[in-house]
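# Examining the three-dimensional arrangement
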Amino acid sequence: MLSKLCLCVVALAGVAYAKDPRPYQTGNLVRMDSVACAASEHGREKYNKPLCQEYVVQAENVIYRIRPWDEKHTVLLLVGTRVQFRMEKDKMVLRTEDFSGKDREYAVFSVTPRSEDNAANAIPTRLNHLQ
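Computed from a predicted structure; not experimentally measured. (Residues numbered from 1 in each chain as written. Predicted model: local features only at pLDDT ≥ 70, side-chain atom pairs only at ≥ 80, totals over all residues. Heavy atoms only, no water.)

## Concerning the side chain of Arg67
We apply this condition: Helix numbers and strand numbers start at the N terminus; a helix is a DSSP run of H or I with at least 4 residues, a strand a run of E with at least 2. Buried residues are those whose accessible area, probed at 1.4 Å on protein chains only, stays under 20% of the maximum for their type, while exposed residues exceed 50% and partly exposed ones sit between those limits. Counted as a polar contact is a pair of N or O atoms within 3.5 Å, where, for protein atoms, one must be capable of donating a hydrogen and the other of accepting one, and residues adjacent in sequence contribute only when both atoms are in side chains. Whether two residues touch is decided by their heavy atoms; if any such pair falls within 4.5 Å, the residues are in contact.
Along the chain, Arg67 falls in strand S3 (residues 62-68). By relative accessible area, Arg67 is classed as buried at 19%. Here Glu54 takes part through its side chain, which lies 2.8 Å from a polar atom of the side chain of Arg67. Those residues in contact with Arg67 that sit more than four places away from it in its chain are Val35, Ala36, Gln53, Glu54, Tyr106, Ala107 and Phe109.

Below, the structure is given as C-alpha cells:
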C-alpha cells in the first residue's frame, strides 16, 4: 500500500514539474536571397566563396532573416509557403509540410518589427493593367 502511494506521489510530481512544449508560431516564407557564407577558412579562395540561402520569414508582428544552421546539409524551402516555427535560445526551429514533421534549425540574423512599410518591402506587389 505504501509503495503504491509513493508511486502515485512521484508520478504526480513528475507531471506537475514537466515543461509544456513551446508552442509553434506561424508565418509565411516570403523571400529567399543568396548571400555570402561565413568567411572562408585559412584564406582559401577569396573569389569563389560559396553562397548560402537566407530566408525572410514574416510572422504576425515580426520579420526574421534566417539562414540554415548546418550549411552542409541544407534543404531548399519553397517561397510563399506557410511555416511553423519556435525559438530556442539563439536558433529558430522551423517546420514545413515538406519536411513531413521533421524540424530544421536555422540561425537568426536579424529581427525587425513588422510595420506597413516593412510588409510592403518584403512582399513584391503586382500591378494590373488599370494601375
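From this point, the discussion proceeds with the structure in view.
## Comments concerning unusual backbone geometry
One non-glycine residue with positive phi stands out, namely Lys89, at about 50°. Relative to the helices and strands, Lys89 is located in the loop between strand S4 (82-88) and strand S5 (91-95). For Lys89, a relative accessible area of 86% corresponds to the exposed category.

## Details of the packing of aromatic side chains
Put simply, the rule reads: Stacked, edge-to-face and tilted labels apply to pairs of Phe, Tyr and Trp rings (six-membered ring for Trp) whose centres lie within 6.5 Å, assigned for plane angles under 30 degrees, over 60, and everything in between, in that order. Charge-over-ring placement is defined geometrically: NZ (Lys) or CZ (Arg) within 6 Å of the ring centre, and within 35 degrees of the ring normal.
Going through the model one piece at a time under the given rule, you end up with two aromatic pairs. Between the aromatic rings of Tyr55 and Tyr106, the centroid separation amounts to 6.3 Å while the plane-to-plane angle is 85°, which identifies the pairing as edge-to-face. In this pair, Tyr55 sits in strand S2 (residues 51-58) while Tyr106 sits in strand S6 (residues 104-113), placing the two residues 51 residues apart along the sequence. What makes Tyr55 buried here is its relative accessible area of 0%. Both rings, one in Tyr64 and one in Phe85, keep their centres 5.4 Å apart while their planes meet at 70°; by these two values the pair is edge-to-face. In this pair, Tyr64 is assigned in strand S3 and Phe85 in strand S4, connecting sequence segments 21 residues apart. Take Phe85: its relative accessible area is 0%, and that puts it in the buried class. We note Arg67 situated over the ring of Phe109; from NZ or CZ to the ring centre the distance is 4.0 Å.

## Quick notes on the confidence of the model for the chain
Fine structural detail should not be taken from predicted coordinates in areas where pLDDT scores are low. To be explicit about the condition: Values of pLDDT, which run from 0 to 100, indicate the predictor's confidence residue by residue.
Taken residue by residue, the chain gives an average pLDDT of 76. The fraction at 70 or more is 62%. Here helix H2 (residues 116-122) is the element of the chain with the lowest mean pLDDT, 54, and S3 is the one with the highest, 93.

## What to know about the nonpolar core
Rules: We call a set of buried residues a nonpolar core when its members are Ala, Val, Leu, Ile, Met, Phe, Trp, Tyr or Cys and they connect through side-chain atoms within 4.5 Å of each other.
Within the largest apolar cluster, twelve residues are counted, these being Leu29, Tyr55, Val57, Ala59, Tyr64, Ile66, Leu77, Val83, Phe85, Met92, Leu94 and Tyr106. For this core, the elements supplying multiple residues, two or more each, are S2, S3, S4 and S5.

## A word on the sheet that holds S5
The cut-off we apply is this: A pair of strands is considered paired only if DSSP assigns at least 2 bridges between the two. As a rule, the C-alpha atoms of each element are fitted with a line to give its axis, helices using only the stretch in contact, and angles between N-to-C directions run from 0 to 180 degrees.
Pairing within the closed barrel is antiparallel, and its six strands lie in the order S1-S2-S3-S6-S5-S4. Sheet twist, expressed as the average angle between the axes of neighbouring strands with direction ignored, equals 45°. Summarising the sheet, S2 and S3 pair through four bridges and their orientation is antiparallel. The partner of Val56 across the bridge, within S3, is Arg65.

## Digging into the side chain of Thr96
Mapped onto the fold, Thr96 is located in the loop between S5 and S6. On the accessibility criterion, Thr96 (10% relative accessible area) is buried.

## A word on the pattern of salt bridges
Note the threshold: What makes a salt bridge here is a side-chain nitrogen of Lys or Arg within 4 Å of a carboxyl oxygen of Asp or Glu, nothing more.
This structure, assessed with the given rule, holds eight salt bridges. A salt bridge links Glu88 to Arg86, with the shortest nitrogen-to-oxygen separation between them at 2.6 Å. Of the residues examined, Glu88 reaches a relative accessible area of 27% and is grouped as partly exposed. For Arg86, a relative accessible area of 16% translates into the label buried. Through salt bridges with shared partners, a single ionic network connects Arg31, Asp33, Glu54, Arg65 and Arg67.

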